[in-house]
Amino acid sequence: MFKLPVLAASLMLVFTSCSALFNGLTNDLTLHPNPRISAPVGVSDIISGTYTGDGTVLFVKTGYRLVLNVNVQSNRADGVLTNLGNGKSYALTGKYLPVSAASGSLDAELWEGAHKAGTLTARIAENQLTGTLATPLFAYTMALARQEK
């Protein structure tokens, strides 16, 4: 009879002392490359938007438009990349990692239907997206500018 209340009390102590740990783990699991930067909610609005510009392979330029949606709190990015030369569109999904309050890095995959069409690795800073679009055939140097609303 005496063992059951003691066991229940000791289990209660263990769980109550761990509750702060459990609550801390479940509230925010986002990882930022620089832990000193706490990205405010409005940063998603600064980075998200429509970017237009050129992709260059060798000496050939092709126009591109990227409609990008970034969620800084979950480090996620999605959107649509359209090749303005041939009209093909690709779904984009991947990671966005903030570097500062208004810049970050994008690492995403491009999909055409159920088939992976390539990757986009870029840096976004000062309303400019610069990086590399890698497809199975070519690697394009991307330089896109964010369009104002």
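Note: the structure precedes this text.
A quick note: this is a predicted structure, and the numbers were derived from the prediction, not measured.

Enquirer: Tell me what's going on with the pattern of salt bridges, and back it up with residues and numbers.
Expert: Once their charged atoms are close, side chains differing in charge can pair, the charge on each being opposite to the other. All chains considered together, the criterion is met by 2 salt bridges. For the salt bridge of Glu112 with Lys88, the shortest nitrogen-to-oxygen distance reads 3.8 Å. One end of the pair, Glu112, is in strand β5 (residues 103-112); the other, Lys88, is in the loop between β3 (76-83) and β4 (89-100), with 24 residues separating them in the sequence. In this structure, the salt-bridge partner of Lys116 is Glu109, at a minimum N-O distance of 3.3 Å. For Glu109, a relative accessible area of 31% corresponds to the partly exposed category.

Enquirer: Can you lay out the side chain of Thr62 for me, pointing to particular residues and giving the numbers?
Expert: Positionally, Thr62 belongs in strand β2 (residues 60-71). Taking the relative accessible area as the measure of exposure, Thr62 reaches 17% and is therefore buried. The residues contacting Thr62, other than those within four sequence positions of it, are Gly53, Asp54, Gly55, Asn83 and Gly85.

Enquirer: An account of the packing of aromatic side chains is requested, with residue identities and associated values reported.
Expert: In total, this model carries 2 aromatic pairs according to the counting rule given. Ring plane angle 70° and centroid distance 6.1 Å describe the contact between Tyr64 and Tyr140, whose orientation is recorded as edge-to-face. Taken as a pair, Tyr64 in strand β2 and Tyr140 in strand β8 (residues 139-146) lie far apart in primary sequence, 76 residues in all. Its relative accessible area of 13% is what places Tyr140 among the buried residues. The rings of Tyr64, Phe138 and Tyr140 are connected pair by pair, giving a single aromatic cluster.

The rules we used
Residues numbered from 1 in each chain as written. Predicted model: local features only at pLDDT ≥ 70, side-chain atom pairs only at ≥ 80, totals over all residues. Heavy atoms only, no water. Salt bridge = Lys/Arg side-chain N within 4 Å of Asp/Glu carboxyl O. Helix = DSSP H or I, 4+ residues; strand = E, 2+ residues; numbered from the N terminus. Buried < 20%, exposed > 50% of the residue type's maximum accessible area, 1.4 Å probe, protein only. Contact = heavy atoms within 4.5 Å. Phe/Tyr/Trp six-rings, centres within 6.5 Å; stacked < 30°, edge-to-face > 60°.

The quantities given are spatial measurements derived from coordinates; they are silent on function.
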